[in-house]
Amino acid sequence: MNDHNELSEGIDHGKTGRPPMQPRAKITREAILEASAILFSKTGYAGTTIDDIVTLAPVTKGAMYFHFSKKESIAREMLRRWSDAVTATVGKAIATGQPADRQVLMIYRELARRTQNEAIIRAGLILSVDQSLTEAHATYEAWTEALTPIVVDAIRSGALDCAESMSRLADTLCAGFVGAVQVAASLDENHTITRRVDDLLLMWRGTDPVSVRMVEGASL
């Protein structure tokens, strides 16, 4: 998750000898990303045009092209931010020293909170399964691969059964997580993402009182 040279191509500053961005330029850049995130999440990457972005931002096309050379550059930045969010969240969970199965819960619940509250992170997640973007698959795979060692630790410690289905848990939960976010975004119900992900985790851990308390208490 730490090699972002490919995904950072959309960040144009620093490559042409331009001075560091001024505060106003940073605000404009974030406005472009926020507007793009809203559109990508609701209408999809392919269904969003440059005209849509500059209208919603609102900025001029010149301002947009100053920051991003093309629409794909915006998507790359969003993928990078999602990737960074995963890396940071996994690192924080491991640093708690909690049992591995609890770390898994912490990671998914924290990522759910961020995707619910941060449009750019949410769009980055959704774009990670967009087949039209060449970097998307690698971003999604890196997410599942970051979780797999923790799942393996949980199996080895006896917290999870050593069944074959458990070895696929990281991929299964990631797929379910994406589905929950995509449905919420398409229905304009982003405020339901954390609840939907909690429901997904309860389907895994069980709905008995002890399991419910474990899920609800797993936070970073």
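First, a word on scope: everything that follows refers to the structure included in this document. (Residues numbered from 1 in each chain as written. Predicted model: local features only at pLDDT ≥ 70, side-chain atom pairs only at ≥ 80, totals over all residues. Heavy atoms only, no water.)

**What about the packing of aromatic side chains?**
Throughout the structure, instances matching the rule amount to 7 aromatic pairs. Arranged with centres 6.4 Å apart and planes meeting at 55 degrees, the rings of tyrosine 108 and tryptophan 143 form a pair that is tilted. Of this pair, tyrosine 108 sits in helix 5 (residues 100–117) while tryptophan 143 sits in helix 7 (residues 136–156); the two residues are 35 residues apart in sequence, bridging distant segments of the chain. Pair check on accessibility: tyrosine 108 and tryptophan 143 agree, each one buried. Ring plane angle 45 degrees and centroid distance 6.0 Å describe the contact between tyrosine 108 and phenylalanine 177, whose orientation is recorded as tilted. Here the residue tyrosine 108 occupies a position in helix 5, and phenylalanine 177 occupies one in helix 9 (residues 169–186), the gap between them amounting to 69 residues. (Phe/Tyr/Trp six-rings, centres within 6.5 Å; stacked < 30°, edge-to-face > 60°. Helix = DSSP H or I, 4+ residues; strand = E, 2+ residues; numbered from the N terminus. Buried < 20%, exposed > 50% of the residue type's maximum accessible area, 1.4 Å probe, protein only.)

**Comments concerning the packing of helix 10 (residues 193–205) against helix 11 (residues 209–216)**
It is at 10 Å that the axes of helix 10 and helix 11 come closest, and there the two elements cross at 140 degrees. By the angle class used here, helix 10 and helix 11 are oblique. Relative to helix 11, the crossing made by helix 10 is right-handed. Here Asp198, Leu201, Leu202 and Arg205 of helix 10 come into contact with helix 11, specifically with Ser211, Val212, Met214 and Val215. (Axes fitted to C-alpha atoms, helices over the stretch in contact; angles between N-to-C directions. Parallel < 35°, antiparallel > 145°, perpendicular 65-115°, else oblique. Left-handed = near helix turned anticlockwise from the far one by under 90°. Contact = heavy atoms within 4.5 Å.)

**A few points about the nonpolar core**
With 42 residues, the main nonpolar core has Tyr108, Trp143 and Phe177 as its most contacted residues. Counting residues per element, the ones that place at least two in this core are helix 4 (71–95), helix 5, helix 6 (119–127), helix 7, helix 9 and helix 10. The element contributing the most residues to this core is helix 9, with 10 residues. Ignoring sequence-local partners within four residues, the contact set of phenylalanine 177 consists of Trp82, Tyr108, Leu111, Ala112, Thr115, Leu125, Trp143, Val197 and Leu200. (Core = buried A, V, L, I, M, F, W, Y, C linked by side-chain atoms within 4.5 Å.)

**Let's talk about the pattern of salt bridges**
On inspection of all chains with the given rule, the structure shows 15 salt bridges. For aspartate 101, the salt bridge goes to arginine 205, with nearest N and O atoms at 3.3 Å. Placement of aspartate 101 in helix 5 and of arginine 205 in helix 10 is noted, with a sequence separation of 104 residues between them. The class of aspartate 101 is buried, set by a relative accessible area of 9%. Across the pair arginine 195 and aspartate 199 runs a salt bridge, and its minimum N-O distance is 3.6 Å. Within this pair, arginine 195 and its partner aspartate 199 are both found in helix 10, separated by 4 residues, close to a single helical turn. For arginine 195, a relative accessible area of 45% gives the class partly exposed. By relative accessible area, aspartate 199 is classed as partly exposed at 37%. A single salt-bridge network, built from bridges that share partners, covers Arg29, Glu30, Glu77, Arg80, Arg81 and Asp84. (Salt bridge = Lys/Arg side-chain N within 4 Å of Asp/Glu carboxyl O.)

Everything listed is a geometric property; what it means functionally is a separate question.
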